[in-house]
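One letter stands for each residue in the lines below.
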Amino acid sequence: MVESNLLFSIPVMIVQVAVALTAGLLGWAYLAIKPPPPIICGSPGGPPVTSPRIQLSDGRHLAYIEKGVPKEEAQYKIIAVHGYDSSKDLDLPVSQELIEELRIYFLFFDRAGYGESDPYPERSVRSEALDIQELADKLHIGSKFYVIGFSLGALLAGASLVVPGVNYWWHGIPANISREAFNTLLGQDQWTFRIAHYAPWLFNWWMTQKWFPSLSMMAGNMAVFCDPDLEILKELSKKPSVGQEKIRQQGMYESLFRDIVIAYGNWEFGPLDLTNPLPENEGSVHIWQGYDDKIIPRMFTEAAAVLGVGVLLWAFQAIRPPPPKICGSKGGPKVTSPRIKLSDGRHLAYEVRGVPKENAKYKVIVVHGFDSSKHIYLPLSQELIDELGIFIVTYDRAGYGDSDPNPKRSVKSEAYDVEELADQMQLEKCFHRNQNSSSCFQTIVRRLAGAALIVPAINFWWPSFPSELCESEYKKQPKKDQWKLRIAHYVPGLLYWWMTLKWFPSCSIMARDPIIFNKRDFEILKKMLQVPNPNEHKIRQQGEFESLFKDLMVGFGSWEFDPMELENPFPHNEGAVQLWQGREDKLVPVELQRFVAKKLPWIKYHEVPDGGHLIVHDNGLCESIFKALLLKQKPTVM
């Protein structure tokens, strides 16, 4: 019996050993292929931050250094993008004489995971391009700049690509050329690039295992260099290498390995399918290739050009807004409304309602809000209009409807447009209804008899707002709107890309998300739907960027003044400024509006208890707003 029990226990022991062995192998494999966590600069135990850095919209930091002449004095601004196993401290042997003669400003930065720039787990060709765009925006490089290096930029004056890497799996390149070029590589490099392309999850193991040689460059194999390269290396070795120790300090996986995985992985676009980013010869793209280069095959020179240009093109096309379809231009929408010509050459389209101007007792200019036009729905009875003798001018703001876009649109330009409209239409003292933003009254006060601001937009970055209050109210906004507002404020150059991408929802108001309306709003919407608007299709006809997106950039960007430092435009009570707010408005925070009213006590504040964002379109409320503005009556309908 004892012997049989012993025999029975042997298979059990074998199973236990097999399970332990399998678990051990799985554990070893997991540890071998899993990249180590990065050692982030500035984190506990991580390397110190010793360079200036900017914070990107996703929270990461990019480290940079500036060289050459001061940015303000520069004729040429160049962003230098370092390559593999390098950093912002790369040696660019440009003489001081040439820098001063041409007045060149250089901006060098550490790409994600290199030097002192935070790693990015989702790094891609696309993210590299967007990092350059945001860096240029944050440091106010200007609307045009040059790029030298492995160029991943947009809004360029030109680019120089110096032996950029190539991907042997780009679609569109003849298979025989790719195969022939690939076969010129050392065997160990061929295997490294295959694994990066076909099994990137194994790449950390491949690059750290000791059984087979992996990448020749990292192994110090001098066979990858031609004779001129060896001469240059000899000269470079005589100079101290500044910042060399910092290149890989956050981990080889986040810098070197991820570079290879991205470069030889599956690209999100085909470079050969792209078109010239500088079609008007406003700049040019150059590629420089060594005839005897053993790392980038010479037969792939054309493909290498496509790589750099492809990334440039993708970023340029993704970030750059399309040109507006200007009304009255060739191929643009027809002009169907009367227009005035402004002093800068633009046109404003307008519409008049109510009694004839010469018979009017009250003259009112109505400024429409976001995603609206001069055809704004105003439920005023004809009886009230005739009784009070109201002449109403509504107009399309810049870029909306039939009004020309304004590339330099700002809060101030909106106010000046109203003033010039009043001048050209020969309106003496007039009333102003603004459903957009708190424009600067001082610029138009001489023409105003009064103003009513109806649920005007609030900018969370006005300096007079207490940070705690702003933060609290900001967090109440839908998450997708929080991101939209951050980008509009911090990196407006990326707003077009953000608002047109398909991966994330970008804006609740454009999507007409029910979450932004309260019960009273829904009742108002039901009534509005019963009154067809045949001109609704004209609101965005010149392009969403010039109308809706510009509104967001202007409204939530950096203002030229703080509205809460404005003085009373009617110090002798010759008029009044009224502010109307719905208590249940889910787009414009009531707490911030109350703060504004408290900070500016000369504003007459009216809060509608069950009102949402659409109070101006409520029949009774609209008439109450007009009576309060024109007759200075206390509102009776709330």
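Residues numbered from 1 in each chain as written. Predicted model: local features only at pLDDT ≥ 70, side-chain atom pairs only at ≥ 80, totals over all residues. Heavy atoms only, no water.

Q: Mind laying out the overall build of the protein chain, listing which residues take part and the relevant values?
A: Regarding its fold elements, the protein chain presents 18 helices and 15 strands. Partitioning the intrachain contacts of the protein chain with sequence separation of at least 6 by distance along the chain shows that 75% fall at a separation of at least 24. When the accessible surface of the protein chain is summed, it comes to about 31200 Å², and 58% of that surface belongs to carbon and sulfur atoms. (Helix = DSSP H or I, 4+ residues; strand = E, 2+ residues; numbered from the N terminus. Contact = heavy atoms within 4.5 Å. Areas by Shrake-Rupley, 256 points an atom, 1.4 Å probe, with all protein chains shown as cover.)

Q: Which residues make up the nonpolar core, and what values go with them?
A: In this structure, Phe-465, Leu-495, Met-499 and Phe-549 are the most contacted members of the largest nonpolar core, which totals 51 residues. Counting only elements with at least two residues in this core, the list comes to strand E13 (448-454), helix H12 (467-474), helix H13 (479-490), helix H14 (495-500), helix H16 (545-556), strand E14 (577-582) and helix H17 (590-599). Sorting elements by how many residues they give to this core places H16 first, with seven residues. One finds Leu-378, Leu-427, Leu-621 and Phe-626 within the second-largest nonpolar core, a separate group that totals 41 residues. (Core = buried A, V, L, I, M, F, W, Y, C linked by side-chain atoms within 4.5 Å. Buried < 20%, exposed > 50% of the residue type's maximum accessible area, 1.4 Å probe, protein only.)

Q: Residues and numbers for the packing of H12 against H17, please.
A: Taken N-terminus to C-terminus, the directions of H12 and H17 make an angle of 150°; their axes are 9 Å apart at the nearest point. Relative to H17, the element H12 lies roughly antiparallel. Contacts between H12 and H17 pair Leu-469, Cys-470 and Glu-473 from the former with Glu-591, Leu-592 and Phe-595 from the latter. Split into classes, the residues belonging to the contact of H12 with H17 amount to four nonpolar, no polar and two charged. (Axes fitted to C-alpha atoms, helices over the stretch in contact; angles between N-to-C directions. Parallel < 35°, antiparallel > 145°, perpendicular 65-115°, else oblique. Nonpolar A, V, L, I, M, F, W, Y, C, P; charged D, E, K, R; others polar.)

Q: So what's going on with the environment of Glu-623? Residues and values would help.
A: Within the secondary structure layout, Glu-623 lies in helix H18 (residues 619-631). Between the alpha carbons of Glu-623 and Leu-378 there is a distance of 9.1 Å; along the sequence they are 245 residues apart. The contacts of Glu-623, once residues within four sequence positions are left out, are Pro-379, Leu-380, Ser-381 and Leu-384. At 3.0 Å, the side chain of Glu-623 forms a polar contact with the side chain of Ser-381. (Polar contact = N/O pair within 3.5 Å; in protein donor to acceptor, adjacent residues only side chain to side chain.)

Q: For the pairing of E14, give the residues involved together with the corresponding values.
A: Where burial is concerned, most of E14 is hidden: six out of the six residues are buried. In E14, alternate side chains face the same way, and those of Val-577, Leu-579 and Gln-581 on one face and Gln-578, Trp-580 and Gly-582 on the other are all buried. The pairing of E13 with E14 spans four bridges and is parallel. Each bridged residue has a counterpart across the sheet, and for Ile-454 the counterpart in E14 is Trp-580. In terms of strand pairing, E14 meets strand E15 (residues 603-608) through six bridges, oriented parallel. Opposite Val-577, over in E15, you have Ile-603 as the bridge partner. (Pairing = 2+ DSSP bridges.)

Q: Just give me the short version of the environment of Val-366, but keep the residues and values in it.
A: As for its placement among the helices and strands, Val-366 is situated in strand E10 (residues 362-367). Here the alpha-carbon distance between Val-366 and Leu-378, two residues 12 residues apart in the chain, equals 9.8 Å.

Q: Residues and numbers for helix H15 (residues 519-529), please.
A: Residues spaced three or four apart along an α-helix point in a common direction, a consequence of the helix completing one turn every 3.6 residues. All of the buried residues along H15 are Arg-520, Asp-521 and Ile-524. The buried side chains of H15 occupy one side of the element, clustering within an arc of 100° when seen end-on. Turned more than 90 degrees off the buried face of H15, the exposed positions are Lys-519, Lys-526 and Leu-529. Structurally, H15 contributes buried residues whose contacts are with E15 and H18. (Arc of directions from axis to C-beta.)

Q: Describe the pattern of salt bridges, and please don't skip the residues or the numbers.
A: Per the stated rule, a full pass over the model turns up 33 salt bridges. With a shortest N-O distance of 3.5 Å, Lys-246 and Glu-116 are connected by a salt bridge. Of this pair, Lys-246 sits in the loop between helix H7 (227-236) and helix H8 (252-263) while Glu-116 sits in the loop between strand E4 (104-109) and helix H3 (125-138), placing them 130 residues apart in sequence. What makes Glu-116 buried here is its relative accessible area of 0%. Here Glu-471 ties to Lys-475 by a salt bridge, and the two come within 3.2 Å at their closest N and O atoms. With relative accessibility at 45%, the residue Glu-471 sits in the partly exposed group. (Salt bridge = Lys/Arg side-chain N within 4 Å of Asp/Glu carboxyl O.)

Q: Help me get a handle on the side chain of His-197, residues and values and all.
A: Here His-197 is to be found in helix H5 (residues 187-198). His-197 sits in the buried class, given a relative accessible area of 10%. Those residues within four positions of His-197 in sequence are excluded, and the remaining contacts are Trp-169, Tyr-264, Gly-265 and Asn-266.

Q: Let's hear about unusual backbone geometry: which residues, and what values?
A: The backbone phi angle of His-140 is positive, close to 55°, even though this residue is not glycine. Mapped onto the elements of the fold, His-140 is located in the loop between H3 and strand E5 (145-149). Of note, Lys-632 is a non-glycine position whose phi angle comes to about 60°, a positive value. By the element assignment, Lys-632 lies in the segment after H18.

Q: Explain the packing of H13 against H16 to me, using residue names and the numbers behind them.
A: At a minimum axis separation of 8 Å, H13 and H16 run at an interaxial angle of 70°. Here H13 lies roughly perpendicular to H16, going by the angle between them. Where H13 abuts H16, its residues Lys-484, Leu-485, Ala-488 and His-489 lie against Leu-552, Met-553 and Phe-556. Of the residues that constitute the contact of H13 with H16, the class distribution is five nonpolar, one polar and one charged.

Q: How would you summarise the packing of aromatic side chains if you had to cite specific residues and measurements?
A: Throughout the structure, instances matching the rule amount to 19 aromatic pairs. Between Tyr-253 and Phe-257, the aromatic rings sit 6.3 Å apart at their centres with planes inclined by 90°, giving edge-to-face as the arrangement. With Tyr-253 and Phe-257 both in helix H8 and four residues apart, the pair spans about one turn of that helix. Taking relative accessible area as the criterion, Tyr-253 reaches 15% and is therefore assigned buried. Judged by its relative accessible area of 4%, Phe-257 falls in the buried class. Ring centres of Tyr-496 and Phe-545 lie 6.3 Å apart, and the angle between their planes is 75°; this geometry places the pair in the edge-to-face category. Pair noted here: Tyr-496 is in helix H14 and Phe-545 is in helix H16, with a separation of 49 residues, a long-range link. (Phe/Tyr/Trp six-rings, centres within 6.5 Å; stacked < 30°, edge-to-face > 60°.)

That's the geometry; what it means functionally is another story.
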